[in-house]
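The chain contents come next:
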Amino acid sequence: MARKTVLVTGVTGFLGGYVAEEFLAHGYDVRGTVRNADHPGVAELRDVAARIGGRFDVAVTSLLEDSGWDAAADGVFAVAHVASPAPKQRPRDPASLIRPAVEGTRRVLGAAARAGVARVVVTSSVDAVRSGHDLRDGRVLDEETWSVVSRSEPYAQSKTLAELAAWEVARDRDLELATLLPALVLGPIRRAETNVSVDVIRQLLAKELPALPRLGFAPVDVRDVALAHRLAIEVPAAAGRRYILASDPIWLGDIARVLDEEFGARGFDIPRRALPSAIVKIGARFVPTLRLAMPLLDAPAATSSERARSELEWTSRPAREAIMATAESLIALGVVAPTES
């Protein structure tokens with residue numbers, strides 16, 4: 001039987017590369033969208049496909065342009081729309097995030113509808129659930145909750161509005177759609193570069209944070225998020241559903257403790273001193289990085305992944321394993337080095 005082709009947008013990104021490999025490893029061919037066909041991630045995935053025995057090709061497109069999307073979606077079985085901007089700093093103009101996220105989602109799903117694909121999976125974010133809410137009471141959020149856009153930071157606005165746009169297009173164009181909402185995506189990097197989520201671990205290993213704000217996370221391994229993309233395409237009942245992908249809540253101080261237990265003896269001076277929330281609030285008026293952290297301050301990342309576990313039979317690694325795998329890859333690739341001899 002001929003292998004089916006899945007279109008993966010943003011295929012050279014941290015998550016996109018793992019999503020492509022997940023499909024290749026399970027009998028699919030992959031077409032990936034890229035802005036630059038010479039990106040090193042393209043050669044890496046060609047090597048993966050050659051080793052596994054699948055086919056990998058690319059389509060050069062942009063979330064902000066109409067051209068290329070119909071050709072990219074032509075003949076594919078399903079679409080995994082992973083691409084979306086995720087800068088490390090708060091943008092001066094929120095539209096620089098929101099516009100490509102929303103317009104790009106509309107372009108991808110429009111092309112999917114015209115191509116008659118069987119199903120689309122959109123990578124949203126837990127930020128499309130928890131942002132704009134006061135979560136200091138520790139309540140557990142599920143997929144029925146949506147972020148309050150007017151009270152959210154630009155990145156959360158972009159993910160929420162893009163997901164809402166996806167559901168609108170799916171209704172209008174009679175598309176089968178599932179959305180995935182991962183929390184902090186960690187796991188082994190493949191190149192000596194980081195993204196906004198992995199940078200949390202890099203900053204701790206490099207001791208760029210002199211003290212630790214009380215920030216809540218729920219790390220999930222990138223390999224498990226990639227698995228969820230395949231399951232959301234293969235499981236019939238996933239159509240029309242949102243799925244949170246997260247581990248149990250953990251504070252930034254606990255992440256630091258995990259790193260210190262393993263890497264402190266290897267010369268990494270991991271910060272352990274707590275930074276009082278009152279100081280964070282004052283500093284956020286002047287420091288953009290602290291301002292970005294404000295939605296997580298004193299708010300445990302209490303979200304439920306029960307729907308993914310029960311309906312998709314999704315399984316995930318413990319948060320500690322994801323944290324350790326991230327750190328080991330950062331060290332192995334020379335992104336961070338010991339601070340003590």
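These numbers come from a predicted model, not from an experiment.

Let us now look at the overall build of the protein chain. On a plain count of helices and strands, the protein chain comes out with 13 helices and 11 strands. Computed over its C-alpha atoms, the radius of gyration of the protein chain comes to 20 Å, within 12% of the 20 Å expected for a compact globule of 341 residues. Looking at the protein chain as a whole, 57% of its 341 residues are labelled buried. Element-wise, carbon and sulfur atoms account for 50% of the exposed surface of the protein chain, whose accessible area totals about 14,700 Å².

Take the nonpolar core next. For soluble globular proteins, the rule of thumb is that nonpolar side chains tend to be buried together. Membership of the largest hydrophobic core comes to 75 residues, with the highest contact counts inside it found for Val 8, Phe 23, Ile 201, Leu 205, Leu 259 and Trp 314. In terms of residue count, the dominant contributor to this core is helix α8 (residues 222-234) (8 residues). With sequence-adjacent residues up to four places away left out, Phe 23 is seen in contact with Val 6, Val 8, Tyr 28, Val 30, Ala 80, His 229, Arg 230 and Ile 233. One finds Ala 83, Ala 112, Val 117 and Val 120 within the second-largest nonpolar core, a separate group that totals 23 residues.

Below, the discussion takes up the pairing of strand β4 (residues 78-81). What you see with β4 is no split at all: Ala 78 and Ala 80 on one side and Val 79 and His 81 on the other are buried throughout. With 4 bridges joining them, strand β1 (residues 5-9) and β4 adopt parallel strand pairing. When the sheet's bridge partners are listed, Val 8 is paired in β4 with Ala 80. Sheet topology places β4 next to strand β5 (residues 119-123); 4 bridges connect them, and they run parallel. When the sheet's bridge partners are listed, Ala 78 is paired in β5 with Arg 119. Each parallel crossover has a hand, and for β4 linked through helix α4 (residues 95-115) to β5 it is right-handed.

What follows concerns the side chain of Ser 124. Relative to the helices and strands, Ser 124 resides in the loop between β5 and α5 (127-130). Non-local contacts of Ser 124, meaning those with residues more than four positions away in its chain, are made with Lys 159, Glu 163, Leu 180, Leu 181 and Pro 182.

Attention now goes to the environment of Pro 91. Looking at the element boundaries, Pro 91 is found in the loop between β4 and α4. Residue classification places Pro 91 among the buried positions, given a relative accessible area of 15%. Note: C-alpha distance between Pro 91 and Ala 246 (155 residues apart in sequence) is 26 Å.

A separate point is helix α1 (residues 14-25). Here α1 spans 17 Å end to end across 12 residues, near enough to the 16 Å set by a 1.5 Å rise per residue. Extensive coverage of α1 is indicated by the burial of 10 of its 12 residues. For α1, the complete set of buried residues consists of Phe 14, Leu 15, Gly 16, Gly 17, Tyr 18, Val 19, Ala 20, Glu 22, Phe 23 and Leu 24. Once α1 finishes, Gly 27 follows within two positions and takes phi at roughly 90°, a positive value.

Attention now moves to the environment of Val 108. Within the secondary structure, Val 108 sits in helix α4. Each C-alpha atom, one on Val 108 and one on Val 120, is 9.3 Å from the other, the two residues being 12 residues apart in sequence. Setting aside chain neighbours within four positions, we find Val 108 in contact with Thr 9, Trp 69, Val 79 and His 81.

Let us look at the pairing of strand β3 (residues 56-60). Two faces, one strand: in a regular strand the side chains alternate between the faces of the sheet. Direction of pairing for strand β2 (residues 29-34) relative to β3: parallel, over a ladder of 5 bridges. Bridging from a neighbouring strand, Val 30 pairs with Phe 56 of β3. Regarding the hand of the β-α-β motif, the stretch spanning β2, helix α2 (residues 40-52) and β3 is right-handed.

Take the pattern of salt bridges next. Any two side chains of opposite charge can pair if their charged atoms end up close together. On inspection of all chains with the given rule, the structure shows 31 salt bridges. Across the pair Asp 66 and Arg 107 runs a salt bridge, and its minimum N-O distance is 2.7 Å. Residue Asp 66 is located in the loop between β3 and α3 (69-73), and its partner Arg 107 is located in helix α4; the two are separated by 41 residues in the primary sequence. Overlapping salt bridges bring together Arg 3, Asp 29, Arg 31, Arg 55 and Asp 57 as one network.

Turning our eyes to something else, we now look at α2. Helix length check: α2, at 13 residues, gives a terminal C-alpha distance of 19 Å against a target of 18 Å (1.5 Å per residue), a fit within 8%. Looking at α2, one finds that the buried residues are Gly 41, Val 42, Leu 45, Val 48 and Ala 49. Each buried residue of α2 sits inside an arc of 120° when the element is viewed along its axis, so together they form one side. Opposite the buried face of α2, at more than 90 degrees from it, the exposed residues are Asp 47, Ala 50 and Arg 51. If you follow the buried residues of α2, they end up packed against α1, β2 and β3. In the stretch just after α2, Gly 53 is the one whose phi turns positive, near 105°.

The rules we used
- Residues numbered from 1 in each chain as written.
- Predicted model: local features only at pLDDT ≥ 70, side-chain atom pairs only at ≥ 80, totals over all residues.
- Heavy atoms only, no water.
- Helix = DSSP H or I, 4+ residues; strand = E, 2+ residues; numbered from the N terminus.
- Rg over C-alpha atoms; globule rule 2.2 N^0.38 Å.
- Buried < 20%, exposed > 50% of the residue type's maximum accessible area, 1.4 Å probe, protein only.
- Areas by Shrake-Rupley, 256 points an atom, 1.4 Å probe, with all protein chains shown as cover.
- Core = buried A, V, L, I, M, F, W, Y, C linked by side-chain atoms within 4.5 Å.
- Contact = heavy atoms within 4.5 Å.
- Pairing = 2+ DSSP bridges.
- Right-handed = clockwise from strand over helix to strand, strands pointing away.
- Expected span 1.5 Å × (residues − 1).
- Salt bridge = Lys/Arg side-chain N within 4 Å of Asp/Glu carboxyl O.
- Arc of directions from axis to C-beta.

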